[in-house]
Amino acid sequence: MTALAIENVTAAIGKIPVLRGVSLKVAPGETVALLGRNGVGKTSTLRAILGLLKRTGGTATFDGNNLDDVAPHKLSALGMGYVPQGRGMFPLLTVKENLTLGLRGAPDPEVMADIYRRFPRIEERLSQAAGTLSGGEQQMLALARCLVMKPSLIMLDEPTEGIMPKLVTQIRHEISEIATRGISVLLVEQNLRTALRLASRVYLMERGTIVHEATPAALRADPSTVHRYLGVSL
Ligand SMILES: Nc1ncnc2c1ncn2[C@@H]1O[C@H](COP(=O)(O)OP(=O)(O)O)[C@@H](O)[C@H]1O
Ligand SMILES: [Mg+2]
């Protein structure tokens, strides 16, 4: 059983191929990280899964649904959540408006209570413009906005990018909480430590394709691969 599976997905931006045959899987409840240097195609991979970037080849399935048959705006109803890079907040709307933006009907009171318990600062700031929150608070709000939709899988694009170290710890904690509740996570990260700590499997990407797959333990034991594809030392 897989929650999400893509095989040999290709895509281009204009005439430039950005995905050159990407295959990856996320099992139900699994946390998987997708790592790679800037510009290798991580965001494009997520966007291609969501149909926001047109797939020119390959297949994508989510919970047994062929995603070719699902319009992008129907994906959240299927249980697919997405927190875009840069968080996608509407700075002039209130926190409350941002939080419930994706919902058709009234929010589930139990889910809202859970979110307020988890993120008390969001509840305190509901009527404030989202743009007045700190970067870390906006990332929490982006996560919360995704949870409001009761997803079975969440795709997070660089959730700790540009966030103060103190809040990185909290965001990391919230992601692991999400995972312990059985929600599958596909985590795009630049922060190797965050990825190795949260994921049970890691894909390394380079120039539009997956070049390596490993467990965090195997990667920790393989600094030359880490250095080769990520340009960092462990
Ligand atoms: N809107 C865009 N217009 C032109 N090129 C783009 C655009 N977005 C991304 N690209 C290019 O596509 C490639 C993959 O980008 P992206 O998926 O954002 O990489 P990553 O998320 O790994 O940093 C890069 O070479 C980038 O320059
Ligand atoms: Mg990106």
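Worth saying up front: this structure is predicted, and the values here are computed from it rather than measured.

*Asks:* Can you walk me through the overall build of the chain in this structure?
*Replies:* The secondary structure content of the chain amounts to ten helices and ten strands. Taking 234 residues into account, the globule formula puts the C-alpha radius of gyration at 17 Å, and the chain, at 17 Å, falls close to it. The principal-axis extents of the C-alpha atoms in the chain amount to approximately 45 × 40 × 35 Å. Within the chain, the fraction of its 234 residues that count as buried is 39%. Intrachain contacts of the chain at a sequence separation of at least 6 include 68% that bridge at least 24 residues.

*Asks:* What should I look at first to understand the site of ligand 1 in this one?
*Replies:* Around ligand 1, the structure places I13, V18, G36, N38, G39, V40, G41, K42, T43 and S44. With three residues, the top contributor of residues to the shell around ligand 1 is helix α1 (residues 42–50). Partitioning the shell around ligand 1 into residue classes produces three nonpolar, six polar and one charged.

*Asks:* What should I look at first to understand the sheet that holds strand β8 (residues 184–189) in this one?
*Replies:* Backbone-to-backbone hydrogen bonds join strands into a sheet, with any given pair of strands oriented parallel or antiparallel. Taking strand neighbours across the sheet as the criterion, the six strands line up as β6-β7-β8-β3-β9-β10 in an open arrangement whose pairing is mixed. Every other strand in the sheet has two partners, leaving β6 (80–83) and β10 (209–214) as the edge strands with one partner each. Averaged over all pairs of adjacent strands, the angle between their axes in this sheet comes to 20°, without regard to strand direction. Sitting on the sheet, helix α6 (residues 135–147) is in contact with β6 and β7 (153–157), with an inclination near 165° to β6. Contacts from helix α10 (residues 223–230) reach β3 (31–35), β9 (201–206) and β10, with the element oriented near 160° to β10.

*Asks:* Looking at this structure, I do not really get the pairing of β8. What am I missing?
*Replies:* Counting buried residues along β8, six of its six residues qualify, which places the element largely inside the surrounding structure. The alternating pattern of β8 places S184, L186 and V188 and V185, L187 and E189 on opposite faces, both of which are buried. Handedness of the crossover joining β7 and β8 through helix α7 (residues 165–180) is recorded here as right-handed.

*Asks:* Would you take a moment to explain unusual backbone geometry for this structure?
*Replies:* Leaving glycine out, the prevailing phi sign among residues is negative, and the prevailing peptide bond configuration is trans. Even without glycine at this site, D63 takes up a positive phi of about 50°. Within the secondary structure layout, D63 lies in the loop between β4 (57–62) and β5 (65–66). Owing to 15 C-beta atoms within 10 Å, D63 belongs among the partly exposed residues under this scheme. Positive phi outside glycine occurs at R207, with the angle close to 40°. Take R207: it is sitting in the loop between β9 and β10. The class for R207 is partly exposed, based on 14 C-beta atoms found within 10 Å.

*Asks:* When you look at the nonpolar core in this model, what are you seeing that I'm missing?
*Replies:* Note on soluble globular proteins: their nonpolar side chains tend to be buried together. Of all hydrophobic cores here, the largest spans 65 residues; its most connected members are A33, L141, A144, L153, I154, L186 and L187. At seven residues, α6 tops the list of elements feeding residues into this core. Leave out the neighbours within four places in its chain, and I154 touches G81, V83, C146, I178, I183 and V185.

*Asks:* It is not clear to me how the sheet that holds strand β1 (residues 4–13) should be interpreted in this structure. Could you clarify?
*Replies:* On the basis of which strands lie adjacent, the open sheet formed by four strands has the order β2-β1-β4-β5 and antiparallel pairing. In the strand order of this sheet, the two ends are held by β2 (16–26) and β5, each with one partner. Sheet analysis places β4 next to β5, joined by two bridges and oriented antiparallel. Residue T61 lies in a different strand from β5, and its bridge partner there is N66. Strands β1, β2 and β4 of the sheet are contacted by α1, whose axis makes an angle of about 75° with β2.

About the cut-offs
- Throughout, a residue's number is its position along its own chain's written sequence, starting from 1.
- Each chain takes a letter, starting from A, and each ligand takes a number, starting from 1, following the order in which they are written.
- Local features in this predicted model are restricted to residues whose pLDDT is 70 or higher, and side-chain atom pairs enter the listing and the counts only when it is 80 or higher, whereas totals over whole chains, interfaces and linings include all residues.
- In this description a helix means any DSSP run of H or I spanning at least four residues, a strand means any run of E spanning at least two, and both kinds are numbered starting from the N terminus.
- Using C-alpha atoms as the atom set, the radius of gyration is obtained and then compared with a globule rule of 2.2 Å times the number of residues to the power 0.38.
- As a rule, residues whose C-beta atom has 12 or fewer other C-beta atoms within 10 Å are exposed, those with 20 or more are buried, and those in between are partly exposed; C-beta atoms are placed from the backbone.
- Once C-beta atoms have been placed from the backbone, residue pairs whose C-beta atoms lie within 7 Å are recorded as contacts.
- Only the C-beta atom, placed from the backbone, is used; a residue is near a molecule or strand if that atom lies within 6 Å of it.
- When residues are grouped by polarity, Ala, Val, Leu, Ile, Met, Phe, Trp, Tyr, Cys and Pro land in nonpolar, Asp, Glu, Lys and Arg in charged, and all others, Gly among them, in polar.
- For two strands to be treated as a pair, DSSP must find at least two bridges joining them.
- Axis angles are defined between N-to-C directions and span 0 to 180 degrees, where every axis is a line fitted to C-alpha atoms and, for a helix, only to the segment in contact.
- Convention used here: a crossover is right-handed provided that the path from the first strand, over the helix, to the second strand proceeds clockwise when the strands point away from the viewer.
- The nonpolar core is taken to be a set of buried Ala, Val, Leu, Ile, Met, Phe, Trp, Tyr and Cys residues joined by way of C-beta atoms within 7 Å.

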